[in-house]
Amino acid sequence: MSGLCAAAEEKVGSRQRVQVKVNEYKENQNISYVSLRPVLEKTAKVCLVPFSLSDYKPDKFKLPKSLLDNSNNEVACKKYKKTEIKKTFRKILTPKMKTTTSSKTESTLQKSSVDVHTENNKLQHMSTSDTVILGADMEGRQDGDSDEDTTSGLDDFSGLSPYERKRLKNISENANFFASLQLSESAARLREMIKKSQPPESKRKKPKKRENETGCRRSMRLLNIDPSGVSLPETPTQPTVVVVDENPLLPPGPLEMTPENRDDNSELFKGFLQTWAEVSKTNNKNIEKELSSIKSYKANLAGMVISEDTVCKVTKGSVCSMALHPSEIRTLVAAGAKSGQVGLWDLTHQPKEDGIYVFQPHSQPVSCLYFSPANPAHMLSLSYDGTLRCGDFSKAVFEEVYRNERSSFSSFDFLAEDASTLIVGHWDGSMSLVDRRTPGTSYEKFINSSLKKIRTIHVHPVHRQYFITAGLRDVHIYDARRLNPKGSQPLISLTEHTKSIASAYFSPHTGNRVVTTCADCKLRIFDSSCISSQIPLLTTIRHNTITGRWLTRFQAVWDPKQEDCVIVGSMAYPRQVEIFHETGKRVHSFLGGECLVSVCSINAMHPTRYILAGGNSSGKIHVFMN
């Protein structure tokens, strides 16, 4: 009896260890049927049955012998009823039972558990929920049959209990059953089928080159061969020229009047210089006329027309400045270009190409151009390159009036009526007083202003001690008598502008009006009849002043004959040049039809005659005249 109890306790210990493995896959401790997916039209089921000594009855564990037969496993598992097996799980081993197991038995059980897991991993087609759990719960025979089966074929394991021998036998039988299913062979056949179903990678075959095939044609110039097939001698490589500066400064001092578009020794050029000198002598005094009425002024403007003979390309590059000679006999137009050229055009001469002469007195844009009020034979030009020159047609030379290589010039005007003193504006906001009466070089007085930049500078026509400057967003009026080299404060500041300013000019005869051109698409006219602490704003004219990057900015200027009217270019279609009254009303629009198809940004009116000249951004001049 004691031997039976010891054997029972030994079985209970081994059962507890096996139950731990089983509980990892079962949560509710119920009987689990694990179905194998159909492979080769066969299905197998493995029954896992727990074992308990407390409820042990020999009649409860009877299973058909065919269950152990590999050929009839499928039929036996189907006939076995689930309800009969669940009855054996009513009670579980209690923890009060003492278990004693030898070290040899534990090692054997661990090896058996590892074998079960390795067999399960071979089933690659099964999911995690379908994993087969092979444990020691397989019980299905009678006591007599069970003892015979466990003892037969397991004599080598004499140290094991009958339960362990039976468990090992069940493991080996299950392994043989899975081997009979030939799962590895089926998996190999499936892999071959998958490989065959995939399309083979198409490799493009390179076409074989034909020996007699004609090759691509190549340039004979690149091959250095002449048309007859003879190789040409190699041309020596020319050294690369490094351009240090695209616009180098011209040498200081006077420059000869050498036209770039024709020979300087030709009879035409000599006659041109003689004509300009003679015309300037006949008009030493300006003819003063009274201000005409708006009605007669409109009638005269309506008689001004343009034709193909009055349109011609004069300079290279866009026109930045324009001036009309005050002659009453001939029509002489001067234009300063962005390239530094100064072009002269005599419209009286025919054909028109023979009356054009182009000079290069500067290396950068010519932003300001005036004929001297004392001697119209002198033409003064100012450039960004920091030079101010005077073209003397009687001597055929461009004299240097003022030079400052450290700063760039933007605009200038005559402080004295005899053109002896000048006021020069710099792009950095500074100013210079230049006196031409000094022998040799001109006297310079450098002055700092309160502006960061100066675009235009203009002197009052009556009270010449006052001058107006257009900065970035402010317009200042200064008194030349109160300038301080360290820093000068303006008398009046016009702060009504919201964007950058292009120009600011006094009216030509009285200086009672000031017109400004601003990038906010407005022309403003101020009342400057009384220069005090404030100058009231009279009129605001809506006008498109956005010319973009490639066009010269608009500059509204006064008509020297009619100081209450302003001339300005237009972006409207068809292309035109507009004239506005100081009240804001449009007086006239110059339309040229096919002769005017571009924007004339810079315009100038003859001081006494009804002649208007407009320059565009390609160097072409359009002239309206009656």
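Here the structure is a predicted model, which means the values were calculated and not measured. (Residues numbered from 1 in each chain as written. Predicted model: local features only at pLDDT ≥ 70, side-chain atom pairs only at ≥ 80, totals over all residues. Heavy atoms only, no water.)

K.L.:
Tell me about the overall build of the protein chain, and please be specific about residues and values.
P.N.:
The secondary structure content of the protein chain amounts to 9 helices and 31 strands. Considering the protein chain as a whole, with its 626 residues, one finds that 47% of them fall into the buried category. (Helix = DSSP H or I, 4+ residues; strand = E, 2+ residues; numbered from the N terminus. Buried < 20%, exposed > 50% of the residue type's maximum accessible area, 1.4 Å probe, protein only.)

K.L.:
Could you give an account of the packing of aromatic side chains, with specific residues and numbers?
P.N.:
In the structure shown here, the tally under the stated rule is 13 aromatic pairs. Relative to Phe359, the ring of Phe269 lies with its centre 6.1 Å away and its plane at 50 degrees, an arrangement referred to as tilted. Placement of Phe269 in helix α8 (residues 267-281) and of Phe359 in strand β8 (residues 356-359) is noted, with a sequence separation of 90 residues between them. Take Phe269 and Phe359: they sit in the same class, and that class is buried. On the basis of an interplanar angle of 80 degrees and a centroid distance of 5.4 Å, the ring pair of Tyr370 and Phe412 is categorised as edge-to-face. Residue Tyr370 is located in strand β9 (residues 366-371), and its partner Phe412 is located in strand β13 (residues 409-414); the two are separated by 42 residues in the primary sequence. Among the aromatic residues, ring-to-ring pairing joins Phe269, Phe272, Tyr357, Phe359 and Phe398 into one connected group. When the ring centre of Tyr357 is taken as origin, the NZ or CZ atom of Arg262, which lies over that ring, is 4.7 Å away. For Arg575, the ring lying beneath its charged end belongs to Tyr573, and the centroid distance is 3.9 Å. (Phe/Tyr/Trp six-rings, centres within 6.5 Å; stacked < 30°, edge-to-face > 60°. Lys NZ or Arg CZ within 6 Å of the ring centre and 35° of its normal.)

K.L.:
Describe the sheet that holds strand β5 (residues 319-324), and please don't skip the residues or the numbers.
P.N.:
Taking strand neighbours across the sheet as the criterion, the 4 strands line up as β5-β6-β7-β8 in an open arrangement whose pairing is antiparallel. Each edge of the open sheet is held by one strand with a lone partner, namely β5 and β8. With direction set aside, neighbouring strand axes in the sheet form an average angle of 20 degrees. Where strand β7 (residues 342-346) and β8 come together, 4 bridges link them in antiparallel fashion. Bridge pairing links Leu344 to Tyr357 in β8. (Pairing = 2+ DSSP bridges. Axes fitted to C-alpha atoms, helices over the stretch in contact; angles between N-to-C directions.)

K.L.:
Any details on the nonpolar core? Residues and values, ideally.
P.N.:
Membership of the largest hydrophobic core comes to 30 residues, with the highest contact counts inside it found for Leu301, Met304, Ile579, Phe590 and Leu612. Looking at this core, the elements that each hand over two or more residues are α9 (294-302), β23 (522-527), β25 (557-559), β26 (562-569), β27 (576-581) and β28 (586-591). Sorting elements by how many residues they give to this core places β26 first, with 4 residues. When residues no more than four places from it in sequence are discounted, the contact partners of Leu301 are Ile579, Val587, His588, Phe590, Met605 and Tyr610. Met257, Ala334, Leu344 and Phe398 belong to the second largest nonpolar core, which has 19 residues in total. (Core = buried A, V, L, I, M, F, W, Y, C linked by side-chain atoms within 4.5 Å. Contact = heavy atoms within 4.5 Å.)

K.L.:
So what's going on with the side chain of Arg609? Residues and values would help.
P.N.:
Locating Arg609 in the fold gives a position in the loop between β29 (602-605) and β30 (611-615). Put simply, Arg609 is tucked away with no salt bridge, and the nearest opposite charge, on Glu328, sits 4.8 Å away. With residues up to four places along the chain from it excluded, the contact list for Arg609 reads Ser327, Glu328, Ile329, Arg330, Thr331 and Lys561. (Lys, Arg positive; Asp, Glu negative; His and termini not counted. Salt bridge = Lys/Arg side-chain N within 4 Å of Asp/Glu carboxyl O.)

K.L.:
An account of the sheet that holds β25 is needed here, citing residue identities and associated values.
P.N.:
Spatially, the 4 strands line up as an open sheet ordered β25-β26-β27-β28, and their pairing is antiparallel. Looking along the sheet, the strands with just one partner apiece sit at the ends: β25 and β28. The average angle at which neighbouring strand axes cross in this sheet is 30 degrees, direction not considered. In terms of strand pairing, β26 meets β27 through 5 bridges, oriented antiparallel. The residue bridging Ile567 from the neighbouring strand is Ile579, located in β27.

K.L.:
Any details on unusual backbone geometry? Residues and values, ideally.
P.N.:
For the peptide bond that leads from Gln350 to Pro351, omega is -5 degrees, which places it in the cis range. Here Pro351 shows up in the loop between β7 and β8. The omega angle of the peptide bond from Tyr573 to Pro574 is -10 degrees, so this bond is cis rather than trans. Locating Pro574 in the fold gives a position in the loop between β26 and β27. A positive phi angle, close to 55 degrees, is found at Gln182, a residue other than glycine. Of note in this structure, Ala396 is not a glycine but carries a positive phi near 60 degrees.

K.L.:
Just give me the short version of the pairing of strand β11 (residues 387-392), but keep the residues and values in it.
P.N.:
In terms of burial, β11 is a largely internal element, 6 of the 6 residues being buried. Two successive antiparallel strands, strand β10 (residues 378-383) and β11, enclose a turn made up of 3 residues, where Gly386 displays a positive phi of approximately 85 degrees. Across 6 bridges, the pairing between β11 and strand β12 (residues 397-403) is antiparallel. By the bridge assignment, Cys390 is partnered in β12 with Glu399. Between β11 and the antiparallel strand that follows it, β12, lie 4 residues; Ala396 among them carries a positive phi value of about 60 degrees.

K.L.:
Would you mind going over the side chain of His460 in detail, with residue names and values included?
P.N.:
In this fold, His460 is placed in the loop between β17 (456-459) and β18 (466-470). Of the polar contacts made by the side chain of His460, one reaches the backbone nitrogen of Val462; its length is 3.1 Å. Excluding residues within four positions of it along the chain, His460 makes contact with Tyr466, Phe467, Phe506, Thr510, Gly511 and Ile531. (Polar contact = N/O pair within 3.5 Å; in protein donor to acceptor, adjacent residues only side chain to side chain.)

K.L.:
Can you explain the confidence of the model for the protein chain? Please cite residues and give values.
P.N.:
In this model, the protein chain carries an average pLDDT of 77, and 67% of its residues clear a pLDDT of 70 or more. Scored below 50 in pLDDT, residues 1-5 shows 0 contacts in the model against residues more than four places distant or in partner chains. Every residue in residues 24-44 is under pLDDT 50, and counting partners more than four places away or in other chains gives 54 contacts. (pLDDT = per-residue confidence, 0-100.)

K.L.:
Please give an account of the environment of Lys561 that cites residues and values.
P.N.:
Examined against the element boundaries, Lys561 turns out to sit in the loop between β25 and β26. Exposure remark for Lys561: the relative accessible area of 12% places this residue in the buried category. In this structure the side chain of Lys561 is engaged in a polar contact, spanning 3.2 Å, whose partner is the backbone oxygen of His606. Looking at Lys561, its side chain comes within polar contact range of the main-chain oxygen of Arg609, at 3.2 Å.

K.L.:
Mind laying out the pattern of salt bridges, listing which residues take part and the relevant values?
P.N.:
On inspection of all chains with the given rule, the structure shows 13 salt bridges. Among the ionic pairs, Asp435 bridges to Arg437, the shortest N-O distance being 3.0 Å. When the shortest N-O distance is used, the salt bridge between Lys561 and Asp559 registers 3.2 Å. The pair Lys561 / Asp559 is uniform in exposure class, with both members buried. Salt bridges here are not isolated pairs; linked through shared partners, they connect Arg389, Glu400, Arg403 and Glu405.

K.L.:
Explain the environment of Asp474 to me, and be specific about the residues and the numbers.
P.N.:
Within the secondary structure layout, Asp474 lies in the loop between β18 and β19 (475-479). Note on Asp474: relative accessible area 30%, which makes it partly exposed. Asp474 has contacts with Leu451, Thr469, Leu494, Thr495 and Ile501, leaving out every residue within four places of it along the chain.

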